[in-house]
4 protein chains.
Amino acid sequence: MANIIGILGGDLRSVYLANALTRSFEVHVFYLEGRQPFVPQVHLEGGDQSLLARCPAVVLPVPVCQRGLWLNAPLWKGEVPLSVCLEAFPAGTRVFGGGITGVIRTMAGKGKLELIELLDQEELTVRNALPTAEGALEIAMRETDRTIRGSKCLVIGYGRIGRLLCGMLRALGAEVTAACRSGEELVWAEAEGCQPLPLEELKTAAQWVDIVFNTAPAQVVTGEFIREMRLDGIIIDLASLPGGTDFEAARIRGIKTIHGLGLPGKCAPRTAGEAIARTVEQLLNKGQPR
Amino acid sequence: MANIIGILGGDLRSVYLANALTRSFEVHVFYLEGRQPFVPQVHLEGGDQSLLARCPAVVLPVPVCQRGLWLNAPLWKGEVPLSVCLEAFPAGTRVFGGGITGVIRTMAGKGKLELIELLDQEELTVRNALPTAEGALEIAMRETDRTIRGSKCLVIGYGRIGRLLCGMLRALGAEVTAACRSGEELVWAEAEGCQPLPLEELKTAAQWVDIVFNTAPAQVVTGEFIREMRLDGIIIDLASLPGGTDFEAARIRGIKTIHGLGLPGKCAPRTAGEAIARTVEQLLNKGQPR
Amino acid sequence: MANIIGILGGDLRSVYLANALTRSFEVHVFYLEGRQPFVPQVHLEGGDQSLLARCPAVVLPVPVCQRGLWLNAPLWKGEVPLSVCLEAFPAGTRVFGGGITGVIRTMAGKGKLELIELLDQEELTVRNALPTAEGALEIAMRETDRTIRGSKCLVIGYGRIGRLLCGMLRALGAEVTAACRSGEELVWAEAEGCQPLPLEELKTAAQWVDIVFNTAPAQVVTGEFIREMRLDGIIIDLASLPGGTDFEAARIRGIKTIHGLGLPGKCAPRTAGEAIARTVEQLLNKGQPR
Amino acid sequence: MANIIGILGGDLRSVYLANALTRSFEVHVFYLEGRQPFVPQVHLEGGDQSLLARCPAVVLPVPVCQRGLWLNAPLWKGEVPLSVCLEAFPAGTRVFGGGITGVIRTMAGKGKLELIELLDQEELTVRNALPTAEGALEIAMRETDRTIRGSKCLVIGYGRIGRLLCGMLRALGAEVTAACRSGEELVWAEAEGCQPLPLEELKTAAQWVDIVFNTAPAQVVTGEFIREMRLDGIIIDLASLPGGTDFEAARIRGIKTIHGLGLPGKCAPRTAGEAIARTVEQLLNKGQPR
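The paragraphs below set out a description of the structure included in this document. From a predicted model like this one, the values you see are computed outputs, not experimental measurements.

**Observations concerning the overall build of chain A**
And step 1. Each helix and strand in chain A was counted, giving 10 helices and 14 strands.
And step 2. The burial tally for chain A puts 58% of its 290 residues in the buried class.
And step 3. Restricting the contact set of chain A to residue pairs at least 6 apart, pairs at least 24 apart contribute 53%.
And step 4. Total accessible area on chain A stands at roughly 11700 Å², and carbon and sulfur atoms take up 52% of it.

In structure tokens:
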């Protein structure tokens, strides 16, 4: 019985998560419609929760909820209160999910369920950096009227995503400047072939930049910066809400902005779903010996 | 007066062509609407042909015509017979354009106009290979649900486009197999880091391939090949009409196909327009000493 | 007087360090022979220490000493006890150097001199990672009888050097496996296009590897590993003394090993000297306002 | 008997050629000493030619001769006149070799032997381009005191070797300018990420270049060019004798030059030997049906 797992709701990532988990689990999916590209081994339970009682582990979506406390289930016809799911889990169930808030923890009942926050899993964060960076590249290709090769790109932030993105842009022949705060990041960006730019000198880039990518969780693409930009420049902001761009200033000047949120799920749901599968497998295996 | 040039019709490439030519010409545009992103130096003539009499050189679109013998002018509200343009050019005008057929040559009158086929210009072909390859990559990113990194790609043909495309895919971390006919191309593909595959063994690739890119002007992606493919594979055909894919066989099996035609104009009109500008400039300069 | 700086001993890096520092300092060099490629602005003092009294800052070599407590001065004909230098520095002198041991600190006198350990400077460490990785690549090219392209490389450790080295090897078309301890490093290595290998499974690589690069400061290339290797494999160990290889086991089996120590100084002294210059400049500028 | 092959003389490439051919032939080697790294399947005949009578195909070295008409056999203690070998081959023997001159053809006797020039085999030329380019990179790494990353490289000629070399240099982070004669090559070099430079403007590069690589079979690195170079620049000439550099002008100015000849054999004999093996196999298989 230990190798039964349930998957509830979610977008296409959940479909590929389910497919991937069949290699080591008996997989049952709930609140996901059957016409999605499931492999035959996946058991489709639709809205029938009865089998949840037999699942020692379940995976909720990333993010778990939408609009308040409804299960995030865009591939299901109806609406499902999260509480209905939580109540169906037997005590001791290991519940994976992304964005587990205090409210959800309270609803889950003290100690009854073992809640595991997927967004805290370092390896999953790294695994998501790649589809995020590729998604940003895809947006840049789609939204600009020039080739990436020869484009003057500015990437703000040299963390996981910034670094992978810089690597891709250079590989395709863009001129890449990496703006970063710390001295070590600057040296590192330079060692990897980017033009380094201390963040405090960011404004000097406004006049030449074709494509701005922001990965920093701070208001860095300011109105002042935007007012210096060419009108055919474009801003792709990858920072979580509220983003790091003065979107209003950009709207006023007529500069195109794209706020790229949840890119792994949108641009590469298969890769993203398989990344969740690997993380869930590792966490469950690690727990085994207990 | 020698440095006046006229541009007639065309898509966004014509706009960027016009902008680029202002660096060395007095540019007048016809059959292009004014709200496109023209630089201020471009003279907008709309449908008023009177100034054509003063242009020693004009650039028609690539391709020159659409639906028969109408000027290809998607950014103009009305329809313009090509004959109306040709008649407005004074004798001796140098007329650039793409896809100049025998019919058009006849209409132009024997020897009256100097017709220069842009598609025959070797350098322009090379310059267009880059936006074509990037356009193919953009399609692949958009139409698949996985990352390019780790994807099993098959590129058929190792000419200009195939070669650039293979380089981009490898740079992004795909596993790239290049299928080519000649022994020298195979060795070259291998030297540049691809897995070489003799074209006659193409069928062996059907079972593992995630993304097929065809650049060969021949029916290579046959029904037989398609019947061996996984259902989640995808075919991106870059060959000119009619393409190299058995589209009907793909439709029947439910395998996604995209026939990517005219990618430079669609995916990177600025780069493509500037490429035309450089070619026109070179050809006009070469002619100078006459 | 604040912008006088002295440089004592060292290898070719000291020469390029001196050249680079002339852009912002009056540079005097000691215990370095004049026929080295100095720019004309550098003042050659030879063994005459009298000018040291006027230098508010001096740079000792990396490492400071050789064979006990003699100044590391391979480009000087004589031998210089470190104590002789230290005594020549006036109180308050800022003394940069690499590998400043407790013994040296004691010799310097309590609080009399401000000793600044270059090897503790994070940015310099990053700056040295690049010439180290290139040096390792150079060794691999020189010592093997095959091309890097197509070689099966194993890089142990995915820290700064390992990561840059993996990137270079992949860029040249090698098949690269990165062996690392932490799960996050493994995921990261995979995201950057390497085959990830958990360190505990290292032994499985012995049978197929062409070139082993070790960057981990631990005994990882064990006798057991070496006994499984093919005889034409090669081991390049970049870890500091005593290295991470069972050199004796390799010697017995006749497997070639190279212990690559101090590669920045050996393979790219100019780059390495300029890196020290930048670090010294930054540290002195930071100190300015005091 | 058809699958017996003889290998006579040559450098380390012959050793690896012999090893590689054992996968499809019974291999006998002559004029190669036994302590080389042969696999056990290779039959060592030393200077005993008797078995040559049974070999329907033999491979002579690249180049066949040294100092006149002696067999090129640096791994053999004695000197062997080529005529002695040729006479030992029975009529109809297929004789592969590199640099088969008219004199050799005459010695071989009219029609008696089938002489096959390896240097005329297009695929082998391509296969040799890679180890040549890597060899040039190795020389650059060894002979300069800076890292390739950040170096200003000038590659003259954008044929096979120039192109691969440009790709490697860019991949390692150098700034690469490609000087070429034809307009198409210039556009192509630009499309692949190099700075294009028309050959007639070559002189402008002299002042900034760190490393010159010449692949063009013409006197392009002239005394005039060399007199403009910085003294710490370096010239690596890959063109066949007499090379494309004014070596005397460089010597007078004290600028370092390296004439890199026969790099595949020197830098990657295993890769080069295997390349010859593949070519010989293909040519013999093609001949089979006769």
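Text resumes after the structure shown.
**Let's talk about the relation of the copies chain B and chain A**
And step 1. Superposition of chain B onto chain A requires a rotation of 180° combined with a translation of 0.0 Å along the rotation axis, giving an RMSD of 0.1 Å. Here the transformation between the copies is reduced to the relation of a two-fold axis. Within chain B, the C-alpha atom positioned nearest to the axis of rotation is that of Ala171(B), 2.8 Å from it.
And step 2. Of the interface residues in chain B, 100% have counterparts in chain A that sit at the interface too, so the contact is made through matching surfaces.

**Observations concerning the packing of helix 4 (residues 122–143) of chain C against helix 5 (residues 160–171) of chain C**
When two helices pack together, their arrangement is captured by the angle between the axes and the distance separating the axes.
Residues and elements named next belong to chain C.
And step 1. For the pair helix 4 and helix 5, interaxial distance at closest approach is 8 Å and the crossing angle is 40°. Accordingly, the angle class assigned to the pair helix 4 and helix 5 is oblique. For the pair helix 4 and helix 5, the crossing hand works out as right-handed. Taken together, the residues of helix 5 that come into contact with helix 4 (itself represented by Glu 122, Thr 125, Val 126, Ala 129, Leu 130, Thr 132, Ala 133, Glu 134, Ala 136 and Leu 137) are Arg 160, Ile 161, Leu 164, Leu 165, Met 168 and Leu 169.
And step 2. Among the residues making up the contact of helix 4 with helix 5, the classes are represented as 11 nonpolar, 2 polar and 3 charged.

**With respect to the packing of helix 4 (residues 122–143) of chain A against helix 4 (residues 122–143) of chain B**
And step 1. Taken N-terminus to C-terminus, the directions of helix 4 of chain A and helix 4 of chain B make an angle of 125°; their axes are 10 Å apart at the nearest point. Between helix 4 of chain A and helix 4 of chain B, the angle falls in the class oblique. For the crossing formed where helix 4 of chain A meets helix 4 of chain B, the hand is left-handed. From helix 4 of chain A, Glu134(A), Leu137(A), Glu138(A), Met141(A) and Arg142(A) reach across to helix 4 of chain B, where they touch Glu134(B), Leu137(B), Glu138(B), Met141(B) and Arg142(B).
And step 2. Taken together, the residues that form the contact of helix 4 of chain A with helix 4 of chain B break down as 4 nonpolar, no polar and 6 charged.

**Things to note about the interface of chain B and chain A**
And step 1. Listed by partner, the interface residues are 23 residues for chain B and 23 residues for chain A.
And step 2. Interface of chain B and chain A: buried area, both sides summed, is about 2100 Å²; carbon and sulfur atoms make up 55% of it.
And step 3. Of all residues in chain B, the largest losses of buried area upon contact with chain A belong to Met141(B), Asp145(B) and Arg270(B), amounting jointly to 30% of the total for that side.
And step 4. Counting across the chain B and chain A interface gives 4 salt bridges.
And step 5. Put simply, Asp145(A) and Arg270(B) hold a salt bridge, and the shortest N to O gap is 3.2 Å.
And step 6. Counting across the chain B and chain A interface gives 12 residue pairs in polar contact (both at pLDDT 80 or more).
And step 7. Among the secondary structure elements, those contributing two or more residues to the side of chain B that touches chain A are helix 4, helix 5 (160–171) and helix 10 (269–287) of chain B.
And step 8. For the side of chain B that touches chain A, the leading source of residues is helix 4 of chain B, giving 7 residues.

**Topic: the sheet that holds strand 8 (residues 114–117) of chain A**
All names here are of chain A.
And step 1. On the basis of which strands lie adjacent, the open sheet formed by 6 strands has the order 3-2-1-4-7-8 and parallel pairing. Looking at the sheet topology across the chains shown, the edges are occupied by strand 3 (43–46) and strand 8. Strand-to-strand twist in this sheet, taken as the mean axis angle between neighbours without regard to direction, amounts to 25°.
And step 2. Judged from the 5 bridges that link them, strand 1 (residues 4–8) and strand 2 (residues 26–30) form a sheet pairing that is parallel. Across the sheet, the residue bridging to Gly 6 is His 28, located in strand 2.

**What to know about the environment of Leu130(B)**
And step 1. Looking at the secondary structure, you find Leu130(B) in helix 4.
And step 2. What makes Leu130(B) buried here is its relative accessible area of 6%.
And step 3. If we ignore the near neighbours within four places in the chain, the residues touching Leu130(B) are Thr147(A), Arg149(A), Leu164(B), Met168(B) and Ala191(D).

**What about the relation of the copies chain A and chain D?**
Turning one copy of the chain about an axis and sliding it along that axis gives the other copy, so a rotation and a shift relate them.
And step 1. Relative to chain D, chain A is turned by 180° and slid 0.0 Å along the rotation axis, the superposed coordinates differing by an RMSD of 0.1 Å.
And step 2. The residues that chain A uses at the interface reappear at the interface of chain D in 100% of cases, marking a shared surface.

**A look at the packing of aromatic side chains**
Residues and elements named next belong to chain D.
And step 1. By the definition in use, this model includes 4 aromatic pairs over all chains.
And step 2. With 5.8 Å between their ring centres and 75° between their planes, Tyr 31 and Trp 76 make a pair best called edge-to-face. Of the two residues, Tyr 31 sits in the loop between strand 2 (26–30) and strand 3 (43–46) while Trp 76 sits in the loop between strand 6 (70–71) and helix 2 (82–88), which places them 45 residues apart along the sequence.
And step 3. When its relative accessible area of 5% is taken as the criterion, Tyr 31 is described as buried.

Cut-offs applied
- Residues numbered from 1 in each chain as written.
- Chains lettered and ligands numbered in written order.
- Predicted model: local features only at pLDDT ≥ 70, side-chain atom pairs only at ≥ 80, totals over all residues.
- Heavy atoms only, no water.
- Helix = DSSP H or I, 4+ residues; strand = E, 2+ residues; numbered from the N terminus.
- Buried < 20%, exposed > 50% of the residue type's maximum accessible area, 1.4 Å probe, protein only.
- Contact = heavy atoms within 4.5 Å.
- Areas by Shrake-Rupley, 256 points an atom, 1.4 Å probe, with all protein chains shown as cover.
- Least-squares fit on C-alpha atoms with pLDDT ≥ 70 in both.
- Axes fitted to C-alpha atoms, helices over the stretch in contact; angles between N-to-C directions.
- Parallel < 35°, antiparallel > 145°, perpendicular 65-115°, else oblique.
- Left-handed = near helix turned anticlockwise from the far one by under 90°.
- Nonpolar A, V, L, I, M, F, W, Y, C, P; charged D, E, K, R; others polar.
- Buried area = accessible area lost by both parts, 1.4 Å probe.
- Salt bridge = Lys/Arg side-chain N within 4 Å of Asp/Glu carboxyl O.
- Polar contact = N/O pair within 3.5 Å; in protein donor to acceptor, adjacent residues only side chain to side chain.
- Pairing = 2+ DSSP bridges.
- Phe/Tyr/Trp six-rings, centres within 6.5 Å; stacked < 30°, edge-to-face > 60°.

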